[in-house]
Amino acid sequence: SSGINAEYGDGFLHALTKMFQNNRTSGSVTLVTKKYDGRTTRAAVTAPENLCIIRASDNKSKITTIISNKEVTKFQMSYATLLRGNMDSLKKHEKSKERKDKKRKDL
């Protein structure tokens, strides 16, 4: 499905897990975290509390959630567990022999 889906809390984590699973063998997932002031236009707005917006996207879909400062700890714990569980398919980057030889010469 195309477009942006606004998910909150556990719904976002569930959608993010599906996104990781769909891109396990090939593809990538991009995550962006920013401070969010509650506005949807460029008009100046003062937010009543500190908010954080988290966006995740792959080539097919985008999901977004907004976390308040009261929910950050709970969300961060669940988010960290999710990331640890889905990073097992990362490929180890192999250093080239030229880089190793260059490092030895520098020492």
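Residues numbered from 1 in each chain as written. Predicted model: local features only at pLDDT ≥ 70, side-chain atom pairs only at ≥ 80, totals over all residues. Heavy atoms only, no water.

Chemist: Before we move on, can you summarise the nonpolar core with the specific residues and values?
Modeler: In this structure, Phe 12, Leu 16, Ile 63 and Phe 75 are the most contacted members of the largest nonpolar core, which totals 14 residues. Secondary structure elements with two or more residues in this core: helix H1 (10-22), strand S3 (51-57), strand S4 (62-68) and helix H2 (72-86). Top element by residues in this core is H1. It accounts for six residues. Look past the residues within four positions of Leu 16 in its chain and what remains in contact with it is Val 29, Leu 31, Ala 56, Ile 63, Tyr 79 and Leu 82. (Core = buried A, V, L, I, M, F, W, Y, C linked by side-chain atoms within 4.5 Å. Buried < 20%, exposed > 50% of the residue type's maximum accessible area, 1.4 Å probe, protein only. Helix = DSSP H or I, 4+ residues; strand = E, 2+ residues; numbered from the N terminus. Contact = heavy atoms within 4.5 Å.)

Chemist: Tell me what's going on with the packing of aromatic side chains, and back it up with residues and numbers.
Modeler: The description of an aromatic ring pair rests on the distance of the ring centres and on the angle between the ring planes. What the rule picks out here adds up to two aromatic pairs. Measuring from centroid to centroid gives 5.7 Å for Phe 75 and Tyr 79, while their planes differ by 15°, and the two rings are stacked. In this pair, Phe 75 and Tyr 79 both sit in helix H2, four residues apart, roughly one turn of the helix. A residue is classified by how much of its surface remains accessible, and Tyr 79, at 11% relative accessible area, is buried. In textbook terms, an aromatic cluster arises when at least three aromatic residues are bridged by ring pairs, as seen for Phe 12, Phe 75 and Tyr 79. (Phe/Tyr/Trp six-rings, centres within 6.5 Å; stacked < 30°, edge-to-face > 60°.)

Chemist: With reference to specific residues and values, describe the side chain of Asp 58.
Modeler: Residue position: Asp 58 is located in the loop between S3 and S4. Here Asn 23 takes part through its side chain, which lies 3.0 Å from a polar atom of the side chain of Asp 58. Engagement of the side chain of Asp 58 in a polar contact is seen with the backbone nitrogen of Ser 61, the distance being 2.8 Å. Beyond its immediate sequence surroundings of up to four residues, Asp 58 is in contact with Met 19, Asn 23 and Ser 28. (Polar contact = N/O pair within 3.5 Å; in protein donor to acceptor, adjacent residues only side chain to side chain.)

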